[in-house]
Amino acid sequence: MSVTDPERRLAAADGSTAAEPTGAEPTGAAPGRRRPDLARLMDSGVGRNLGLVAVLAVLCVIGVATADTFATTANLLIIMTSASIIGVLTVGVTMVIIGGGIDLSVGKVMALASVWSTTVATQSYGPVVMVICALAVGAGAGLVNGVLIAYGRIVPFIVTLAMLISAQGLAEQISGKRSQIVTDPGIAAIASTRWLGIPLLVYLFALVVALGWVLLNRTTFGRRTFAIGGNPEAARLAGLDVRRHTVLLYVVSGLCCGIAAVMITSLTTTGSSTHGTLYELDAIAAVIIGGTLLSGGRGTLIGSILGVLVFTTITNLFVLNNLASEVQNIAKGAIIVAAVLFQSRAQRTTP
Amino acid sequence: MTRASSAEPLLRMRGIVKEFPGVRALDGVDLDVAAGEVHCLLGQNGAGKSTLIKVLAGAHKPDAGELEWDGARVSFGSPHAADRAGIATIHQELDLVPGLSVAENVVLGHEPARLGFTRPVGAEHIARALLRRLGHPEIPPRREVGRLPAAGQQVVSLARALSRDARLIVMDEPSAVLDSEEVDNLFRVVRELTRSGVAVVYISHRLEEIRRIGDRVTVLKDGRTVARNLPARDTPTAEVIRLMTGRAVEYALPPRGPAPTGEVVLEVSGLGRRGEFADVSFTVRAGEIVGLAGLVGSGRSEILETVYGGRRASAGSVRVRGAALRPGSVPAAVRAGLGLCPEERKSQALLLDEPVYRNVSLPVLSRFGRGGFMAADAEHASVRAATAELDVRPADPSRPVRTLSGGNQQKVVLARWLLTGCSVLLLDEPTRGVDVGARGEIYALIRRLAAQGVAVVLVSSDVPEVLGLADRVLVLRDGRVVHRAPGGELDEARVLDLVMEGSRDERD
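This structure is a prediction, so every number in the text was calculated from the model and none was measured.

**Q** Describe in detail the overall build of chain A, supporting the description with residues and values.
**A** Per the secondary structure count, chain A includes 16 helices and four strands. Here chain A, with 351 residues, has 45% of them falling under the buried criterion. Here the contacts in chain A between residues at least 6 apart in sequence split such that 77% fall between residues at least 24 apart.

The following block contains the structure:
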């Protein structure tokens, strides 16, 4: 405390000589040191995100130049809607990766939740139970993942890979490999409802991102996630319950799968074991180009979401220009490599 | 002795100096090694033995000094160059590949090959011949190295050194992982090697081993050679210990107060962990500093971690103010008021890329949580108070911990436990990697915390540090408490005698 006061006063004195009335300046920001500040900015999450925003802007320019329909409201809503489902999955995957893990199972856990919540039996209880069922199946799969990883001490890659395979199998068994049509108008209404011209799905996506951001950046849960991902041994010896927290992280990811399952069920009005194939790879790719360290401890949710938007916009550009999806995948791969190269360079130049 | 003095020196090092930022690790070291002798290198932790070996093996380039090898001046630019010249090092952590076979390890990097295809049969022949030469024909060349016992792995390391025609083999505490029968075997192998003209530089803390195997002894202290070519068998223990002790740099140790008489806070009784330590009992009063002295491998760090719940005890109990701690639970220990500053600060205590304040508040996050949400202002204010009290520099808590010096990083870890208001502080090597100036501050800090009523347990390789700070000292050897005394009643030579010489009783 004794140090705080003189420093505050110093900062205030600086402010008054520069004739700036704002007293809420952070004490660390010293004026007249542009270059280090810029370097610091580029190294911070905000800086990396600015890079992604620039990429997104370039993609939009290309879009406007090559396709007349790109800049229409209808098209932008298509981009947002198709980003929303992978986006929700990405929120969970980002948290797991920052916490030092990996979740390969999200796509098929989502499929399983969509199938389980649309069986004839479940549908007979009405839309509320269907939603609860989807969330419970997602969270339950996450719980199994988490317990096996934290208490069974199996590598996350293996556990979630096994979950991916068995969730696929279970979804096929329950559905008999048939698409289950949703008869309830309430569920279908989730995707068709619009507020102020924007689909409800996009609001849901925004809500999940906002909740995820708050959880990661403003709560003790988020702080522990960064600590455990950054140095699990230090976190353990500082008295954190690393195993319980790990379980919670996978449950959160599973819950995101449940939410995404409701969204995709509503959008397609079917529950199907074919939903979400390879979505986990798209989500992980988005997390990586969003600047999150695959080894954990560092990353931003906003970066991941920008990553999702970049990928969805690319897809959209290719569709609008009638280009083959093969080329599209090559472009996505190149973008992942370019983003990681750029990030590692940026990190090396700013020690 | 006679063997050694008659031979031309194979290796001659003169005035070797090696500096690292802020510390002069070697400050004029001389070393002569003759072909066919076992030359023992003695010195306390931090005397410069490891650095010297690394210079010899080409891993470090000396800043000054001469190196003569086989009569010619040389300088090894890389480990590969030293390897080619015929110098092999067998490290404490054996650098074998556990998943490969014995034969594959022996020829690793020099695989016999024809047209790019390896010849496993050729490798097995080489390995079998070398193992026979080393007196261990029973080791199957096809066995996976990871499945051999420690002693067998050591023999494989030796075979690997020989496969490269090593003429000088450096062995860094080879006996640390061996039982007495295995040590006998190792010595037989070493004698066999020296008979065929190979020179061995042997590093050990166990004087009794040096008597058995060594020819001559060189003693290092604070990066200098203080005695050269002493006869290994005839130099009295007292003389060796006198040479190793006594310190060029005297640290400012705060004066000792009267013996603390506060209530007993920490009570450890009969604590044990299979294969690590057994039957450790001690109590610590409020305001008291209890020191644990012992060599690396004596179980010091393991005991601290077990008390803290970081390892699960297989026997015994830990009580804090009379209440038994749940074994194997760090969160329970932290709630009960324990705090640990671990041995490896960077890998065990800190989030290096995160700012200071996030490192300090880690154990007490829930205190700053308001329904799970972080109360950032309260957190910053508390952290600032703690770091200011410990004078962490620079004072800006938003700096990444990585940018701080070793001493200030240690203060960050201490600030963490100051913030929890812990009543028992467990310190493992609190001044490792800390420069001399910051050491004094950390000593004063430990004393001040004790004066405020914290019960402190201190582990350190630095014997004067333990003796100077602790009110009571427990001397450990091979996972057991072998001696206890008030800190003021022991001196460095006595402690070294207890931890080194004493091992003879059990081995012979």
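Back to the write-up after that little detour.
**Q** So, the overall build of chain B: which residues are in play, and what are the values?
**A** Of regular secondary structure, chain B possesses 19 helices and 24 strands. For chain B, the spread of C-alpha atoms along the three principal axes comes to 70 × 55 × 45 Å. For chain B, the residues scored as buried account for 48% of the 508 residues in total. Considering only contacts in chain B between residues 6 or more positions apart, those separated by 24 or more positions represent 68%.

**Q** Tell me about the nonpolar core, and name the residues and values.
**A** Counting residues in hydrophobic clusters, the biggest one holds 244 residues, and the most contacted among them are Leu89, Met110, Leu112 and Ala260 of chain A together with Val456 of chain B. Here the element with the most residues in this core is helix α13 (residues 242-268) of chain A; it accounts for 16 residues. Beyond its immediate sequence surroundings of up to four residues, Leu89 of chain A is in contact with Val106, Met110, Cys256, Cys257, Ala260, Tyr279 and Ala283 of chain A.

**Q** Run through the sheet that holds strand β17 (residues 323-324) of chain B, naming residues and quoting values.
**A** Sheets are built from strands paired through backbone hydrogen bonds, the pairs being either parallel or antiparallel. All names here are of chain B. Read from one edge to the other, the open sheet built from four strands follows the order β14-β13-β16-β17, with strand pairing classed as antiparallel. Two strands bound the open sheet, and with one partner strand each, they are β14 (277-285) and β17. With respect to the sheet, helix α10 (residues 300-307) is in contact with β13 (264-273), β14 and β16 (315-320), its orientation differing from that of β13 by roughly 120 degrees.

**Q** Could you give me a rundown of the environment of Val318 of chain B, with the residues and numbers involved?
**A** Residues and elements named next belong to chain B. Its location among the elements puts Val318 in strand β16. The sequence separation of Val318 and Thr283 amounts to 35 residues, and the corresponding C-alpha distance is 9.7 Å. Those residues in contact with Val318 that sit more than four places away from it in its chain are Val268, Leu271, Val307 and Leu325.

**Q** Give a description of the packing of helix α10 (residues 200-218) of chain A against helix α11 (residues 220-230) of chain A that names residues and reports values.
**A** All names here are of chain A. For the pair α10 and α11, the least separation of the axes is 5 Å and the interaxial angle reads 70 degrees. By the criterion of interaxial angle, the relationship of α10 to α11 is roughly perpendicular. On α11, the residues touching Leu215, Leu216, Asn217 and Arg218 of α10 are Phe221, Gly222 and Thr225.

**Q** Provide a residue-level description of the confidence of the model for chain B, including the pertinent values.
**A** Residue and element names in this part refer to chain B. Looking at chain B, pLDDT values average 85 and 94% of them are 70 or higher. Within the model, the stretch residues 1-6 combines pLDDT values under 50 with ten contacts to residues more than four positions away or in other chains. Taken as a whole, residues 503-508 scores under 50 in pLDDT and shows six contacts with residues more than four places along the chain or in a different chain. In the predicted complex, the global pTM is 0.78; the interface-specific ipTM is 0.77.

**Q** An account of the interface of chain B and chain A is needed here, citing residue identities and associated values.
**A** With 30 residues of chain B in contact, the opposing surface of chain A contributes 23 residues. In terms of residues, the side of chain B that touches chain A owes the most to one element, helix α14 (residues 376-389) of chain B, which gives four residues. Of the residues in the side of chain B that touches chain A, the class split is 17 nonpolar, seven polar and six charged.

**Q** Just give me the short version of the environment of Arg224 of chain A, but keep the residues and values in it.
**A** Within the secondary structure, Arg224 of chain A sits in helix α11. Sequence separation between Arg224 of chain A and Pro127 of chain A is 97 residues, and the spatial gap between their C-alpha atoms is 36 Å.

**Q** Could you give an account of helix α2 (residues 49-56) of chain B, with specific residues and numbers?
**A** All names here are of chain B. For α2, the tally of buried residues reaches seven of eight residues, placing the bulk of the element in the interior. Taken together, the buried positions of α2 are occupied by Lys49, Thr51, Leu52, Ile53, Lys54, Val55 and Leu56. Two residues or fewer past α2, Gly58 is found with a positive phi of approximately 80 degrees.

**Q** Could you give an account of the pairing of strand β24 (residues 480-486) of chain B, naming the residues involved and the relevant values?
**A** Examined bridge by bridge, strand β23 (residues 472-477) of chain B and β24 of chain B share six bridges and lie antiparallel to one another. Each bridged residue has a counterpart across the sheet, and for Arg472 of chain B the counterpart in β24 of chain B is Pro486 of chain B.

**Q** Lay out the confidence of the model for chain A in plain terms, naming residues and giving numbers.
**A** Across chain A, the average pLDDT comes to 84, with 84% of residues at 70 or higher. In the model, residues 1-35 of chain A has pLDDT below 50 throughout and makes 21 contacts with residues more than four positions away in sequence or in other chains.

**Q** Got a sec to walk through the sheet that holds strand β3 (residues 38-42) of chain B? Specific residues and values, please.
**A** All names here are of chain B. Read across the open sheet, the six strands follow the order β6-β9-β10-β3-β11-β12; overall the sheet is mixed. Each edge of the open sheet is held by one strand with a lone partner, namely β6 (87-90) and β12 (224-231). Sheet twist, expressed as the average angle between the axes of neighbouring strands with direction ignored, equals 20 degrees. Sheet topology places β3 next to strand β11 (residues 216-221); four bridges connect them, and they run parallel. Looking at the pairing, Leu41 lines up with Thr218 of β11.

**Q** Can you explain the pairing of β13 of chain B? Please cite residues and give values.
**A** All names here are of chain B. Of the strand pairs in this sheet, β13 and β14 are connected by six bridges, and their pairing is antiparallel. By the bridge assignment for β14, Val268 is matched with Phe282. The pairing of β13 with β16 spans five bridges and is classified as antiparallel. Within β16, the position partnered with Gly272 by the bridge is Ala315.

**Q** Residue-level account of unusual backbone geometry, with values.
**A** Residue and element names in this part refer to chain B. Cis geometry is adopted by the peptide bond preceding Pro394, which originates at Arg393 and carries an omega value of -5 degrees. Following the sequence through the fold, Pro394 ends up in the loop between α14 and α15 (406-420). Here the phi dihedral of Asp165 falls at roughly 55 degrees; this positive angle occurs in a residue that is not glycine. Here Asp165 shows up in the loop between α6 (150-163) and β9 (168-172). Even without being a glycine, Asp279 presents a positive backbone phi close to 55 degrees. You can see Asp279 is positioned in strand β14. For Asp279, a count of 13 C-beta atoms within 10 Å gives the class partly exposed.

**Q** With reference to specific residues and values, describe the packing of helix α4 (residues 73-98) of chain A against α10 of chain A.
**A** All names here are of chain A. Orientation of α4 relative to α10, taken along the N-to-C sense of each, is 20 degrees, at an axis distance of 8 Å. Taken together, α4 and α10 sit at an angle that is classed as roughly parallel. For α4 against α10, the interelement crossing comes out left-handed. Contact with α4, carried on its side by Met80, Thr81, Ser84, Gly87, Val88, Val91 and Met95, involves Leu201, Val202, Leu204, Phe205, Val208, Val209, Gly212 and Leu216 of α10 and no other residues of that element. Taken together, the residues that form the contact of α4 with α10 break down as eleven nonpolar, four polar and no charged.

**Q** Break down the environment of Gly299 of chain A for me, with residues and values.
**A** Residue and element names in this part refer to chain A. Its place among the elements puts Gly299 in the loop between α14 (279-289) and α15 (301-320). C-alpha of Gly299 to C-alpha of Ile79: the two residues are 220 residues apart in sequence and 24 Å apart in space. The residues touching Gly299, leaving out its near neighbours within four places in the chain, are Thr94, Ile97, Ile98, Gly291, Thr292 and Leu293.

**Q** Run through α14 of chain B, naming residues and quoting values.
**A** An ideal rise of 1.5 Å per residue puts 20 Å on 14 residues; α14 of chain B measures up with 20 Å between its terminal C-alpha atoms. Considered for burial, the residues of α14 of chain B that qualify are Glu379, Ser382, Val383, Arg384, Ala386 and Thr387 of chain B.

The rules behind the values
The written sequence of each chain sets the order in which its residues are numbered from 1. Written order determines the labels here, with chains lettered from A and ligands numbered from 1. A pLDDT threshold of at least 70 governs which residues receive local features in this predicted model, and a stricter bar of 80 or more applies before side-chain atom pairs are shown or counted, although totals over entire chains, interfaces and linings include all residues. Secondary structure elements are defined from DSSP: runs of H or I of at least 4 residues count as helices, runs of E of at least 2 residues count as strands, and each element is numbered from the N terminus. Field definition: a residue is buried when 20 or more other C-beta atoms are found within 10 Å of its C-beta, exposed when 12 or fewer are, and partly exposed for counts in between, with C-beta atoms placed from the backbone. In this description, a residue-residue contact is defined by the distance between C-beta atoms placed from the backbone, which must lie within 7 Å. Remark: nonpolar core denotes a set of buried Ala, Val, Leu, Ile, Met, Phe, Trp, Tyr and Cys residues whose joining runs through C-beta atoms within 7 Å. Two strands qualify as a pair provided DSSP detects at least 2 bridges between them. Only the stretch in contact is used when a helix axis is fitted, and all axes are lines through C-alpha atoms; the angle between N-to-C directions ranges over 0 to 180 degrees. Should an angle fall under 35 degrees it is taken as roughly parallel, and over 145 as roughly antiparallel, whereas 65 to 115 is taken as roughly perpendicular and any remaining angle as oblique. Per-residue confidence from the predictor is given as pLDDT, running between 0 and 100. Nonpolar residues are Ala, Val, Leu, Ile, Met, Phe, Trp, Tyr, Cys and Pro. Charged residues are Asp, Glu, Lys and Arg, and all others, Gly as well, are polar. In this scheme the crossing of two helices becomes right-handed for a clockwise turn of the near helix relative to the far one and left-handed for an anticlockwise turn of less than a right angle. What a helix is expected to span follows from its residue count: subtract one and scale by 1.5 Å.

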